[in-house]
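Residue strings, one per chain:
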Amino acid sequence: MFRSFFLDARWRLWAWAGSLTIIVATWCQVQIDLEINDWFGAFYNAIQEALANPGSVTEAELLMHLLTFAKISAVYVAMMVLLEFLIRHYIFRWRTAMHDYYMQHWSRVNHIEGASQRIQEDTMRFAQIVERLGVSLLRSVMTFLMFQPLLWELSKKINQVPFIGHVDHVLIYTAILTSVIGTALLALVGIKLPGLEFNNQKAEAALRKELVLGEDDNGRADPESMKELFLRVRKNYVAMYRHYLYFDITKWSYLQLSSIIPYVVLAPTLVSGAITLGVMQQILRAFKRVEGSLHYLINSWSTIVELMSVYKRLNSFEMEIKRSYTPAPEVEYSAG
């Protein structure tokens, strides 16, 4: 899954130069997000001044703020378009590398259930998911490292918490604590999902294989066997949907609750008028970025479940290839 792309000389340029380009582009995205955060502070402070003191801010000044945002957005859009174009080619090259490798050993793995699907579909899905999760993790780490100092600086005036009292830099601790609790909770309620997804894909592969065989052999894919195979698929989906039900209840309840937590913490500061509207917007966006970067596992859990399932199927391929090339141990016979 990795050696065929990153360690093969044919794909070295795409694998390493492509990865480096994606990393640099991700860093640029976070930098642009920091600039937008600064823009929000200046823009909302101008709005507050205009509303509090009519005539103090001109229409031209507000439009200049919007023009600044348009310039930042233009750079972001251009970069994202080029990056998405690169990523699509990067993923397909990775899929091609895996496809070529597995096809070299097709005669050794074609007896595995769902072998055709694993080469035709799972290689592409694996490359897509790993790229998506990798970029998301990288962005989360960079966002935390860049926005955490900003939130620390912005929250110097936020030190009063309802029902608790004085706590310096409370927003940083709140973001970390709520994220850790949410991640642990979601990991606990979603612990069975990887196994269920794997079983579901096995049942789907068996159904697909019988249908393919039935295209060329009238003796295959008969109503009784198809009924039994589809019953297995249905049973797996029902079990998976049941577990996703309480997982989704927990996930969305937590995310909705976490969205109002910064307002609760800011309540004493807001009613005392210690910060401006622009500073509040900067704080809320910085808090959201820091907390969101720590929500990586929460937001990616379903995708991670899918990746684990795809990995298991492709890993069985590689284990079979390795086993087929391993010589059988010699048996020693004692004399007499």
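Since this is a predicted model, take the numbers as computed values, not measurements.

### Some thoughts on the packing of aromatic side chains
- Here the structure, examined in full by the defined rule, presents 18 aromatic pairs.
- Aromatic side chains tryptophan 39 and phenylalanine 69 sit 4.8 Å apart centroid to centroid with 40 degrees between the ring planes, which places their arrangement in the tilted category. With tryptophan 39 in helix α2 (residues 12-52) and phenylalanine 69 in helix α3 (residues 59-104), this residue pair connects regions lying 30 residues apart in the sequence.
- Given the relative accessible area of 30%, phenylalanine 69 is considered partly exposed.

### Considering the UniProt feature "transmembrane region" (unreviewed entry) in the protein
- If you check UniProt for "transmembrane region" (unreviewed entry), the listed places come out as residues 62-87, 171-191 and 260-284 in our numbering.
- For the annotated span residues 171-191, helix accounts for 90% and strand for 0% of the residues, and the straight-line distance between the end C-alpha atoms is 30 Å.
- Annotation note: span residues 260-284, helix share 84%, strand share 0%, distance between end C-alpha atoms 10 Å.

### Focus on helix α9 (residues 277-293)
- End to end, α9 covers 24 Å across 17 residues, agreeing with the expected 24 Å (1.5 Å per residue, within 8%).
- For α9, the buried fraction is high: twelve of the 17 residues fall into the buried class.

### Description of the confidence of the model for the protein
- Averaged over all residues, the pLDDT of the protein equals 82, while 96% of them reach at least 70.
- Across the protein, α3 holds the top mean pLDDT of 88, while strand β1 (residues 160-161) sits lowest at 75.

### Details of the pattern of salt bridges
- On inspection of all chains with the given rule, the structure shows five salt bridges.
- The salt bridge partner of aspartate 100 is arginine 10, with a shortest N-O separation of 4.0 Å. Placement of aspartate 100 in helix α3 and of arginine 10 in the loop between α1 (3-6) and α2 is noted, with a sequence separation of 90 residues between them.
- The partner of arginine 289 in a salt bridge is aspartate 33, with the nearest N and O atoms 2.5 Å apart. Taken together, the positions of arginine 289 in helix α9 and aspartate 33 in helix α2 put the pair 256 residues apart, joining distant regions of the chain.
- By sharing partners, the salt bridges in this structure join Asp8, Arg10 and Asp100 into a single network.

### With respect to the packing of α2 against α3
- At a closest axis distance of 10 Å, the pairing of α2 and α3 adopts a crossing angle of 160 degrees. Between α2 and α3, the crossing angle belongs to the class labelled roughly antiparallel. As α2 runs across α3, the sense of the crossing is left-handed.
- In terms of residue class, the contact of α2 with α3 is built from 24 nonpolar, seven polar and two charged.

Rules behind the numbers
Residues numbered from 1 in each chain as written. Predicted model: local features only at pLDDT ≥ 70, side-chain atom pairs only at ≥ 80, totals over all residues. Heavy atoms only, no water. Phe/Tyr/Trp six-rings, centres within 6.5 Å; stacked < 30°, edge-to-face > 60°. Helix = DSSP H or I, 4+ residues; strand = E, 2+ residues; numbered from the N terminus. Buried < 20%, exposed > 50% of the residue type's maximum accessible area, 1.4 Å probe, protein only. UniProt positions renumbered as here; feature names shortened; annotations may be inferred. Expected span 1.5 Å × (residues − 1). pLDDT = per-residue confidence, 0-100. Salt bridge = Lys/Arg side-chain N within 4 Å of Asp/Glu carboxyl O. Axes fitted to C-alpha atoms, helices over the stretch in contact; angles between N-to-C directions. Parallel < 35°, antiparallel > 145°, perpendicular 65-115°, else oblique. Left-handed = near helix turned anticlockwise from the far one by under 90°. Nonpolar A, V, L, I, M, F, W, Y, C, P; charged D, E, K, R; others polar.

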